[in-house]
Amino acid sequence: MSRTRRPIRSNFEPGSTRWAVRRAQWIAMGIDEKDFSKPKVAIVNTSSKLSVCYQHLDRLAARVETAIRDSGGLPFEVRTAASSDFVTSAGRQGRYLMPTRDLMSFDVEVQIEGAELDGMVLLSSCDKTTPAHLMAAARLDIPSIVVACGYQLGGSCGGKSVDIETLYNSVGSYKAGEIDLEQLTEMSRVAIMGPGVCAGLATANSMHVMAEALGMTLPGNTPIRASSDRLNEICNAAGRRIMEMVEEDLRPRDILTPPAFRNAVRIAVALGASVNVVRHLAAIAQEAELELDVVAEVEKAAAQTPLIARIRPNGGTRIEDFEAAGGCMAALKVLEQVLEIDAVTVSGKTIGQLISSAETPNSPHLASLDFPFSTDPGLAIIRGSLAPDGAVVKIAAVPDQTRRFSGKARVFENEADAIERLAPTHPQHIERGDVVVLRMMGPKGGPGTVFAASFMAALQGTDLAGVVAVVTDGELSGLNSGITIGQVMPEAAEGGPLAYVESGDEIAIDLGRRTIDLLVDREEMARRLRVPLRLPDAPRGWLSIYRATVGPLARGAVVGDTVRPKSAGE
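Quick look at the structure, then.

1. Comments concerning the packing of aromatic side chains
Applying the stated criterion across every chain, the model contains three aromatic pairs. A network of ring pairs unites the aromatic residues Trp26, Phe36 and Phe76 as a single cluster. Cation over ring: Arg18 sits above Phe12, and NZ or CZ is 3.8 Å from the ring centre.

Written as structure tokens, this is what we have:
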């Protein structure tokens, strides 16, 4: 894609104040004056010693830096905030996780736009970094490449494979008395055997795949093992390619178009990606200033796209098997006939050009459109009186025998209380057939979105797994499975019907019909709607700011999005 050439913006007018003071800074740092006129490219590094997800990023950043320098650029590594869903979730029941996505995007904006650099390579790892980086790229619209930094491997314990998903679900087994603390401790020693994000098609790997499907990574980047030679080569290639993109003036908004989002949605539905990709894709679309209803696009794709993979937690395929089968590029090849192949990618080629030269995958881990693993989609939107703006469900992770479920609501506004009620000895314990409602846990209600996935993990370790449904506006993990209805919209704190559910109400879920309904008569609901909503207290600091500025879930829960949905009573 060509544009009229213009001087790069980072070369300031000689003699100006900003020219003079920046020269002084860089000379003091030992940068050669002859490099000052070169394109200046940021390497956005979310390195952190808090989490294994980021353990290898400094090494990768050094590779990208060398490649940029060798290609005639002046690289600058910049550090930003970072969050880990299994470390940063410890405080305030995970309320900092979703807000950190937006915080990181603003952090990138401050560093790169404040300095007026010419391009950036974004090293993306754990769940929130990839959407944050894509949001920042869409907002700033300077030449950008995302590098998905890969997944970790697990080990073995007692002759059985163990990874973070196994450990995660085994916490429930421990609480149920099925394993002891020594067994759980031993599993924790071998669950992670290297750097990178969680194995399986959880949110991190799902968002890595979304980045490639959108065209924002180099082809063949996802999924990828974190400690692999192939990832090293991707980093080298990204450093070289970003310099070409600066020269070409190829920008994110040339790539992040409605066709690109529709392609990503198709992949998400066909693979059974994490439920969280819906909110993240919506947020990226908002930052790209697109008039695109991502929830409606998922709904449309789910009616037309079958399941072509069964990657854990949806089935037995491991993430490394998916990589060996060709990963995202192979899945795109399978879906070629339903994709918008003119969508441009950071490679400079269209999706159609990239997959035209790819071989049709021949792997037991990838099915075809004609002979899919299931005619049902992997991911779908359901609607009804409980979720008029929709809710997200990973159908691929729901057992066939539980596609229809009806039961009495058990309402909780504190996840810890719900976990306690899983104990069979509790006098008010959760029972078979209940629909557990976890509410006031969305972006505004939390505030900051409670990590409701911890309840799901505890549930999986009990004999109630598969016989209890969960409905929530809180955040779920891509590792969750079972009858789990997430991202209920509008969230309770926005006045959605979820706010007015009472324990004992009947809730009916029919995944075949894509419906979820609260079976309460109109007069009773009118009475409840007259009671003013009371939101949980917001602690002073970032979470309070987040509540005051976050937009609705259906639009991605973006900070600064002031459009609000109507409440259930309007």
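2. Some remarks on the pairing of strand S10 (residues 435–438)
Going residue by residue along S10, you find Val435 and Val437 tucked away on one face and Val436 and Leu438 tucked away on the opposite face as well. Summarising the sheet, strand S9 (residues 404–412) and S10 pair through four bridges and their orientation is parallel. Within the sheet, the bridge partner assigned to Phe412 lies in S10 and is Leu438.

3. Topic: the nonpolar core
In terms of nonpolar packing, the biggest core is built from 165 residues, with Ile112, Met120, Leu123, Phe455, Ile485 and Ile507 touching the most fellow members. Here this core takes nine residues from helix H10 (residues 258–271), the largest share from any one element. Among the nonpolar cores identified, the runner-up in size contains nine residues, and Ile164, Ile179, Val190 and Cys198 belong to it.

4. Points about the packing of helix H7 (residues 203–213) against helix H11 (residues 277–287)
Put simply, H7 and H11 touch, their axes get as near as 10 Å, and they point 40° apart. Judged by the angle between their axes, H7 and H11 are oblique. In the packing of H7 onto H11, the handedness of the crossing is right-handed. Residues Thr203, Ser206, Met207 and Met210 of H7 lie in contact with H11, whose contacting residues are Val277, His280, Leu281 and Ile284.

5. A short note on unusual backbone geometry
The residue after Arg312, namely Pro313, is reached through a cis peptide bond having omega 15°. Within the fold, Pro313 resides in the loop between helix H12 (294–302) and helix H13 (319–324). Here the residue pair Met489 and Pro490 is connected by a cis peptide bond, since its omega of -5° sits within 30 degrees of zero. Relative to the helices and strands, Pro490 resides in the loop between strand S12 (484–489) and strand S13 (506–510). Unusually for a residue other than glycine, Asp141 sits at a positive phi of about 55°. Along the chain, the position of Asp141 falls in the loop between helix H4 (129–140) and strand S4 (144–148). Among the residues examined, Asp141 registers a relative accessible area of 15% and is labelled buried.

Parameters and conventions
- Residues numbered from 1 in each chain as written.
- Predicted model: local features only at pLDDT ≥ 70, side-chain atom pairs only at ≥ 80, totals over all residues.
- Heavy atoms only, no water.
- Phe/Tyr/Trp six-rings, centres within 6.5 Å; stacked < 30°, edge-to-face > 60°.
- Lys NZ or Arg CZ within 6 Å of the ring centre and 35° of its normal.
- Buried < 20%, exposed > 50% of the residue type's maximum accessible area, 1.4 Å probe, protein only.
- Helix = DSSP H or I, 4+ residues; strand = E, 2+ residues; numbered from the N terminus.
- Pairing = 2+ DSSP bridges.
- Core = buried A, V, L, I, M, F, W, Y, C linked by side-chain atoms within 4.5 Å.
- Axes fitted to C-alpha atoms, helices over the stretch in contact; angles between N-to-C directions.
- Parallel < 35°, antiparallel > 145°, perpendicular 65-115°, else oblique.
- Left-handed = near helix turned anticlockwise from the far one by under 90°.
- Contact = heavy atoms within 4.5 Å.

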